[in-house]
Amino acid sequence: MKTALVTGGSRGIGLAVVRDLARTHHVIVHGRDEEALRAITADLPSATVWAADLSGPALTVPPLDGLDVLVHAAGVIGGRAVADTERDDWRRVFEVNVFAVAEVTRQLLPALRAAQGTVVSINSGSGFTAGPDGSTYAASKFALRALTDALREEERPHGVRVSSVHPGRVDTDMQHELVTAEGGTYDTSLYLEPQSVADAVRLVVDLPHGATAEVVSVRPTRRA
């Protein structure tokens, strides 16, 4: 059986990706709460738990001889207007959204190369455009896009495919937090379902190995 590792797999997009990939892969599910992870993996055909703080100073990934799929779904929001965002807020967001992605990928590249695997970064529409009061999050997603683009070219000779999936707003706990912070009214019909993003990831993963879906943009059909 092929193996997939999904960061941020305990909720939202990450959880949808975990459940979808579990149909065909042994899934290593990452999150911070080990008890919650064990509850999730108990219902999956083949899965193991990786509990870790991605922002920790001594991040160590599970040792693997081969890895077919790596999905970076962990992410945080944060920051306000540039005038009101302190350095620690910038550092906190970049630590998870960029630095952890680079470090987890670095440690797993030997396993990915051995399996000629696929790396998928869950980015955002904010990885393409930035608006007022969203500079910190958008900057981290722009940086993630640059990291993913560079990694794709570096790993072509090794047979590793690298893709970026950019969802619009998704109906998740994080979205609730964002809408509350913005003072808006939550309307689920305006947001993607997490499964729609998981379907995009599945499209990327299931392409024949000679093809790479380099950038996939997924948007809600309805717009506010």
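Residues numbered from 1 in each chain as written. Predicted model: local features only at pLDDT ≥ 70, side-chain atom pairs only at ≥ 80, totals over all residues. Heavy atoms only, no water.

Visitor: What is the right way to look at the pattern of salt bridges in this model?
Guide: Pairs can form between side chains of opposite charge whenever their charged atoms are close. All chains considered together, the criterion is met by 10 salt bridges. With its nearest N and O atoms 2.7 Å apart, the salt bridge here joins Glu-34 to Arg-38. Of this pair, Glu-34 and Arg-38 both sit in helix α2 (residues 34-41), separated by four residues, roughly a single helical turn. Glu-34 sits in the partly exposed class, given a relative accessible area of 38%. The closest approach of N and O atoms between Asp-206 and Arg-202, which form a salt bridge, is 3.4 Å. In this pair, Asp-206 and Arg-202 are both assigned in helix α6 (residues 194-206), four residues apart and thus about one turn of the helix distant. What makes Arg-202 buried here is its relative accessible area of 10%. Three or more residues are tied together by salt bridges with common partners; here these are Asp-20, Arg-23, Arg-202 and Asp-206. (Salt bridge = Lys/Arg side-chain N within 4 Å of Asp/Glu carboxyl O. Helix = DSSP H or I, 4+ residues; strand = E, 2+ residues; numbered from the N terminus. Buried < 20%, exposed > 50% of the residue type's maximum accessible area, 1.4 Å probe, protein only.)

Visitor: Any chance you could explain the environment of Leu-37 here in plain terms?
Guide: Tracing the backbone through its elements, the reader meets Leu-37 in helix α2. The class for Leu-37 is buried, based on a relative accessible area of 0%. For the pair Leu-37 and Val-49, spaced 12 residues apart in the sequence, the C-alpha separation amounts to 6.2 Å. If near-sequence neighbours (up to four positions away) are discounted, Leu-37 is found in contact with Ser-10, Val-29, His-30, Gly-31, Val-49, Trp-50 and Ala-51. (Contact = heavy atoms within 4.5 Å.)

Visitor: In this structure, what is going on with the confidence of the model for the protein? I would like to understand it.
Guide: Should pLDDT be low for a region, the predicted coordinates there are not to be read in detail. Overall, the predicted model of the protein reaches an average pLDDT of 94, with 96% of residues at or above 70. For the protein, per-element mean pLDDT is lowest for helix α5 (residues 173-182), which scores 67, and highest for strand β4 (residues 69-72), which scores 99. (pLDDT = per-residue confidence, 0-100.)

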